[in-house]
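Examination of the molecular architecture
Spelled out, the chains give:
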Amino acid sequence: MIIPDYYLRGVGDTYFSGKMLAKLARIIKIYQEMDILCSHDSKSVQQLLYYNNNDGKDKGSYFSTNNNNIQDAVKACHKVQHKLPTKTQVDQAIDQLRKGVEVWLNGKAQSLFVYDSKWGGLVSCGCYFNHGNCDNSYPNCPSFSDPGLNFGHGFYNDHHFHQGYHIYAAAVLSSIDHDWAIDYYEHVKVLIRDIANPSDSDSFFPKFRHKDWFLGSSWASGIATIGGGVPFPNGRNQESSSECVAAYEAIGLYGAVMSDIFASRTDGDVKDDLHDDQREKNWQTAQDIHQLGVILTATEISAAQRYWHDSKNHIYPENYSANVVGIVWSTMIQFQTWFGNAPFLVYGIQMLPLTVMSESLFDLQWLQQVYEPFSDSCNQNCVDDGWSIPILAAMASLGHLEEAIHKAQDTLTDKTFKTAAGNGHSMTNTLWYLSTRPALEKPLSLKKKKSSDNGQQQHNPSNNHHHQHTIVDSKNGCGLCSKDFCDKSRCPDDAPYICSQGPALNGCSKVPWTLNPLSCTVCCSCGNDDDQEDITQTTTAANKNVDDTDTACKSCTSEVCSNHSCNIESAPYLCTDGPAKDGCARNPWQIVNEVCHECCILTHGCEQEDKESVAQDDDEQQQNENQHIEESCPLCTPEVCSSQMNQCNSNFNPFLCIKGAAVGGCSGTVW
């Protein structure tokens, strides 16, 4: 069984359930192609895999098979035909797909899709997962109040990612079961209208919820805020450009499938509730859906290559040296993801899932640029967690097919395809994608081109409109801040790392911030190794500020003195309440709601008190910390570690919540 039983009952989240359904749909579609290849001659295969418009012009292929290799593929397939699944096995897989798709559409899921009339959208009720069931049921919908549940789907985050996987699965099922397709046509259209409604007259959904037609790309973020009230200062964002492309690709496929179905049916040869005039209307709508998917996909691919790949136009400043962006914000780019800043995560999230359209999204020039840094960063955890699959796809695309296939067979296991990164893939789809890469006259090098060769450093100053933004590089997650940002900062030179987004907004640190939603989600550095100010001057200036400035920051209490991380000499002003709580500053904090609500001055008495208590506190603190971890989060059982609930990366977020509102959540610190 590919789809877990609980997903067949609509238990769990809409993202991973959608990935699993789309995964099964791809396997079934690949089987259909293999069945045709193995049971027909090459001429018949060409006719069966390709279909024509009424004008006789080639319209394309559902399978995107390379025409030049069809004869070889037919000969090879005849030799292994006996290894294909039996008809009974295929029918069982289709039945499983049918159950898995329709339970989210027919109102019988434990975690229902619910229409929200306030914002106009289809949101998941949410599920407190517990041993294969939801502890809650409608109208008790935790996703309406918890922006961290189901990736914030209840707050309109990532709707196109989630719904896109479900739409793709519905498209494949519709191409197989035409009666089902007719029965659930309006249901699937609701999913499409939620993420890509093109109509001014549709009063139930906004037009193009995610699409930014000025940029050509989409935004994944919804209405979630910091701490339930503070908007993200850098605007909207999107992480996975490839999942966005796949969502719009699914819309186009669904429209193509349904237009074919409606065009092939008439009153005389089918039994359904529709008449020819209604079928004509539905056919026209399906055609529109197909064209809608095409334009959304085409513009998203162009925008992804421009803003996330930056492989041709080089629109970012030279100090951003990577050939990929992890998250694009309205005013900032980041080399990291929402779930970690390891380079292989940043590259990998821009290359899944692997679909037919990936061939258009991943141009060879970009694959050459990213292959080596992506591959070099891929340690054993990367392989075990499924992030090496896109590396193999890049290798095959660059002309190293045999090596990629051997590595896939040697390194990918059943467990790989049960991980958070791998569970949307399958060995079937991986080998299919590798084997169908267009042949190159000569394999391209897997070594990254030097900057002088690929133009990475040849930026046009007129295009550097992002200089005013905070730019984050790959070294530690805190890259260089923009000059304007540094000029406005209150951070001392020996604490140059600034939290530019999150609860500790504007907080200063001597070392790079550990990025997590509870403290700081984005940081940058105003430090310059080649031009450091003398620490004596910094200390003198700081002391003068403490002595001469009359501010709203009064002396800190002894309790605060014993629990702070500021350098009293260079950053004596501590924010004690507000978004920048625990932040340290050289100059007095301005008491404003957006930054700091209360502050105090750390006196030299604080420093002395700290020094006297450090020695005796260190051992006690370590003991308490170890005891706290053991009591709060004991070691998981082997059953929990191997369960579907565990999607955590043991390096970056090893603490798993196994019960409560955040069940299934992963954290880098103890819950």
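As the structure is a computational prediction, the values presented were derived from the model and not from experiment.

1. Some words on the overall build of the protein chain
Across its full length, the protein chain holds 23 helices and 20 strands. Per-residue burial over the protein chain gives 51% buried out of 671 residues. For the protein chain, the share of sequence-separated contacts (at least 6 apart) that also reach a separation of at least 24 residues comes to 64%.

2. Remarks on the pairing of strand β4 (residues 121-124)
Residues Gly 121 and Val 123 of β4 are buried on one face, and the alternating residues Leu 122 and Ser 124, pointing to the opposite face, are buried as well. Pairing of strand β3 (residues 113-116) with β4 involves 4 bridges; the strand directions are antiparallel. Bridge pairing links Tyr 115 to Leu 122 in β4. The turn joining β3 and β4, which pair antiparallel and follow one another in sequence, is formed by 4 residues; a positive phi near 75° is taken by Gly 120.

3. So, unusual backbone geometry
Tyr 138 connects to Pro 139 through a cis peptide bond whose omega is 15°. Inspection of the secondary structure puts Pro 139 in the loop between β6 (133-134) and α6 (159-176). The linkage connecting Leu 352 with the following residue, Pro 353, adopts the cis geometry, with an omega of 0°. Looking at where Pro 353 falls in the secondary structure, it is placed in the loop between α11 (343-348) and α12 (358-361). The backbone phi angle of His 131 is positive, close to 50°, even though this residue is not glycine. Along the polypeptide, His 131 turns up in the loop between β5 (129-130) and β6.

4. Description of the pattern of salt bridges
Taken as a whole and assessed by the stated rule, the structure comprises 13 salt bridges. The salt bridge partner of Arg 9 is Asp 5, with a shortest N-O separation of 2.9 Å. The exposure class assigned to Arg 9 is partly exposed, which follows from its relative accessible area of 29%. Taken together, the shared-partner salt bridges in this structure form one network comprising Asp 95, Arg 98, Lys 99 and Asp 177.

5. A closer look at the state of the cysteines
Applying the stated criterion across every chain, the model contains 6 disulfides. A sulfur-sulfur distance of 1.6 Å marks the disulfide that ties Cys 38 to Cys 77. With the S-S bond torsion at -70°, the cross-link from Cys 38 to Cys 77 turns out left-handed. Of the two residues, Cys 38 sits in helix α2 (residues 14-39) while Cys 77 sits in helix α4 (residues 70-79), which places them 39 residues apart along the sequence. Both residues of the pair, Cys 38 and Cys 77, belong to the buried class. With a sulfur-sulfur separation of 1.7 Å, Cys 553 is cross-linked through a disulfide to Cys 599. On the S-S bond that ties Cys 553 to Cys 599, the torsion sits near -95°, and the link is left-handed. Of this pair, Cys 553 sits in the loop between α20 (535-548) and β15 (554-555) while Cys 599 sits in strand β18 (residues 598-601); the two residues are 46 residues apart in sequence, bridging distant segments of the chain. Taking relative accessible area as the criterion, Cys 553 reaches 3% and is therefore assigned buried.

6. Considering the sheet that holds β15
Judged by pairing direction, the sheet is mixed, and its 4 strands sit side by side in the order β15-β18-β16-β17 without closing on themselves. Of all the strands in the sheet, just β15 and β17 (584-585) have a single pairing partner and so form its edges. Of the pairings in the sheet, the one linking strand β16 (residues 573-577) to β18 comprises 4 bridges and is antiparallel in character. When the bridges of β18 are listed, Cys 575 appears paired with Cys 599.

7. Describing the packing of aromatic side chains
A complete count under the given rule lists 22 aromatic pairs for this structure. With a centroid separation of 5.2 Å and 65° between ring planes, the pair formed by Tyr 15 and Phe 151 is classed as edge-to-face. In this pair, Tyr 15 sits in helix α2 while Phe 151 sits in the loop between β6 and α6, placing the two residues 136 residues apart along the sequence. On the accessibility criterion, Tyr 15 (9% relative accessible area) is buried. Ring centres of Phe 362 and Trp 366 lie 6.0 Å apart, and the angle between their planes is 40°; this geometry places the pair in the tilted category. Note on accessibility: Phe 362 and Trp 366 belong to one class, buried. An aromatic cluster of at least three residues, connected via ring pairs, comprises Tyr 15, Phe 16, Phe 151 and Tyr 165.

8. Points about the pairing of β16
The sheet contact formed by β16 and β17 spans 2 bridges and is antiparallel. Looking across to β17, one finds that Tyr 573 is bridged to Ala 585.

9. Let's talk about the side chain of Lys 189
Tracing the sequence through the fold places Lys 189 in helix α8 (residues 185-196). Residue classification places Lys 189 among the buried residues on the basis of a relative accessible area of 16%.

10. With respect to the packing of α6 against α8
Put simply, α6 and α8 touch, their axes get as near as 10 Å, and they point 150° apart. Regarding the angle of α6 to α8, the classification is roughly antiparallel. The element α6 and its partner α8 pack so that their crossing is left-handed. Taken together, the residues of α8 that come into contact with α6 (itself represented by His 159, His 160, Gln 163, His 166, Ile 167 and Ala 170) are Val 188, Leu 191, Ile 192, Asp 194 and Ile 195. Split by residue class, the contact of α6 with α8 holds 6 nonpolar, 4 polar and 1 charged.

11. Side note on the nonpolar core
Within the largest apolar cluster, 121 residues are counted, with the highest numbers of intra-cluster contacts made by Leu 97, Val 101 and Ile 251. Leu 97 has contacts with Leu 21, Leu 24, Ala 25, Ile 28, Ala 169, Val 172 and Leu 173, leaving out every residue within four places of it along the chain.

12. Overview of the confidence of the model for the protein chain
Of the residues in the protein chain, 77% have a pLDDT of 70 or more, and the chain-wide mean is 82. When the criterion is pLDDT under 50, residues 51-66 qualifies, and its contacts beyond four places in sequence or with other chains add up to 33 contacts. The model gives residues 451-476 a pLDDT under 50, and that stretch makes 65 contacts with residues more than four places away or in other chains.

Procedures and definitions
- Positions within a chain are numbered from 1, following the residues in the order the chain's sequence is written.
- In keeping with the model being predicted, local features are shown solely for residues with a pLDDT of at least 70 and side-chain atom pairs are shown and tallied solely at 80 or more, while totals for entire chains, interfaces and linings include all residues.
- Only hydrogens and water are set aside when side-chain values are computed; all heavy atoms of the structure are taken into account.
- Think of it this way: any DSSP run of H or I at least four residues long counts as a helix, any run of E at least two long counts as a strand, and we number them from the N terminus.
- Partly exposed residues are those whose accessible area sits between 20% and 50% of the maximum for their type, while under 20% is buried and over 50% is exposed, using a 1.4 Å probe and protein chains only.
- The contact definition used throughout considers only heavy atoms, calling two residues in contact when any of these lie within 4.5 Å.
- DSSP calls a pair of strands paired once it identifies at least 2 bridges connecting them.
- For salt bridges, the criterion is a side-chain nitrogen of Lys or Arg within 4 Å of an Asp or Glu carboxyl oxygen.
- Cysteine sulfur atoms are paired as a disulfide whenever they come within 2.5 Å of each other.
- Classification of ring pairs uses Phe, Tyr and Trp, with its six-membered ring standing for Trp, and accepts pairs whose centres are within 6.5 Å; under 30 degrees between planes counts as stacked, over 60 as edge-to-face, and the remaining range as tilted.
- Comment: axis = line fitted to C-alpha atoms, over the contacting stretch for helices; angle = value between 0 and 180 degrees taken between N-to-C directions.
- In what follows, roughly perpendicular refers to angles from 65 to 115 degrees, roughly parallel to angles under 35, roughly antiparallel to angles over 145, and oblique to any angle outside these ranges.
- Crossings are sorted by hand: turned counterclockwise from the far helix by less than a right angle, the near helix makes the crossing left-handed, and turned clockwise it makes it right-handed.
- Three classes are used, and their members are as follows: Ala, Val, Leu, Ile, Met, Phe, Trp, Tyr, Cys and Pro are nonpolar, Asp, Glu, Lys and Arg are charged, and the others, Gly among them, are polar.
- Among the buried residues, those of types Ala, Val, Leu, Ile, Met, Phe, Trp, Tyr and Cys that are joined through side-chain atoms within 4.5 Å form a nonpolar core.
- Scored from 0 to 100, pLDDT records how confident the predictor is in each individual residue.

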